[in-house]
Amino acid sequence: MELYRGALGAGTDQAFEVALAHAFVRRAGDGAGGSVLRVYRPTAPTVAFGRRDTSRPGFPEAVGLVREAGFTPVVRAPGGRAVAYTEESLVVDHIAAEEDSLAGMDARFTGYAQMWAGLLAEHGVDARVGAVPGEYCPGAHSVNARGRVKLVGTAQRILRRAWLFSAVAVFGGAEVLRPLLTEVYRALELDFDGDSVGSIRAEAPALDLDTFESGLLGRYERRFGLAWASLDESVLTAARDLVDDHRL
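Parameters at a glance
- Residues numbered from 1 in each chain as written.
- Predicted model: local features only at pLDDT ≥ 70, side-chain atom pairs only at ≥ 80, totals over all residues.
- Heavy atoms only, no water.
- Helix = DSSP H or I, 4+ residues; strand = E, 2+ residues; numbered from the N terminus.
- Rg over C-alpha atoms; globule rule 2.2 N^0.38 Å.
- Contact = heavy atoms within 4.5 Å.
- Lys, Arg positive; Asp, Glu negative; His and termini not counted.
- Charge placed at Lys NZ, Arg CZ, Asp CG, Glu CD.
- 1 Å grid on protein atoms, 1.4 Å probe; cavity = no way out; pocket = protein on both sides within 12 Å on 5 of 7 lines; lining within 4 Å.
- Points joined across faces, edges and corners; volume = space filled by probe spheres on them.
- Nonpolar A, V, L, I, M, F, W, Y, C, P; charged D, E, K, R; others polar.

The name given to the protein in an unreviewed UniProt entry is Lipoate--protein ligase, with Actinopolyspora erythraea as the source organism.

A. Geometry of the overall build of the protein. Across its full length, the protein holds seven helices and 11 strands. Taken over C-alpha atoms, the radius of gyration comes to 17 Å for the protein, in line with the 18 Å a tight globule of 248 residues would show. Seen through its C-alpha atoms, the protein measures out along the principal axes to roughly 45 × 40 × 35 Å. Of the contacts formed within the protein by residues at least 6 apart in sequence, a portion of 78% connects residues at least 24 apart. Taking the average place of the 27 positive charges on the side chains of the protein and the average place of its 33 negative ones, the gap between the two points comes to 3 Å.

B. Local environment of the layout of surface pockets. Here the largest pocket defines a volume of roughly 150 Å³. The wall of the largest pocket is formed by 14 residues, among which Phe 109, Pro 138, Gly 139, Thr 154 and Ala 155 lie closest to the centre. The greatest single-element share of the lining of the largest pocket, amounting to five residues, is contributed by strand β9 (residues 149-159). Classifying every residue of the lining of the largest pocket gives five nonpolar, eight polar and one charged.

Okay, here's the thing in structure tokens:
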């Protein structure tokens, strides 16, 4: 599996970061690429809306609230509802070509949620798989702590012969995300409880993000094998062609 580690650089349009995942899964679906793991820490605070959010009556208000808070609004490639993250988060995009990409969707949700929960448990977190009442981007395969606060959200995008499995782990910054998400979900007229927003740091104060990221990569290495790779011009060009689909 090819490993692409790190953000594209300070000042990079966050819509382009999201478009890159879209470009990778498109390439895999066209038979031009294989399995890819991209792991990065955002270089700017971001709210990534789901495509369904854009049709909500309060969507323009929600985008305005995001900008007023100093966050960048984007539309993400996978499904789900709005998620928010800062530079203290980890975004993990796993892309693979698969002839029957839809068939394994449930198994991926279950398997990777268990992987995240296992990694957190290694660091003393009471990590569980399942939705927390009132959580952002609710899903049965969220990873939470103590059944009370969400730590990791997952979503997928399925193409005809490829899939993208995306996870966002909130390592820190929950105190910033809670009030913003409360206002965003209010504008979208969707259920939300700010108390459901947690962070890994709050659950494991002695853990640092470097150690956590290394542990995640170790799990992928043992399961798939990882080969460091550099972005080539073809995938960057494809992302440029797609960026307007994700920019707000």
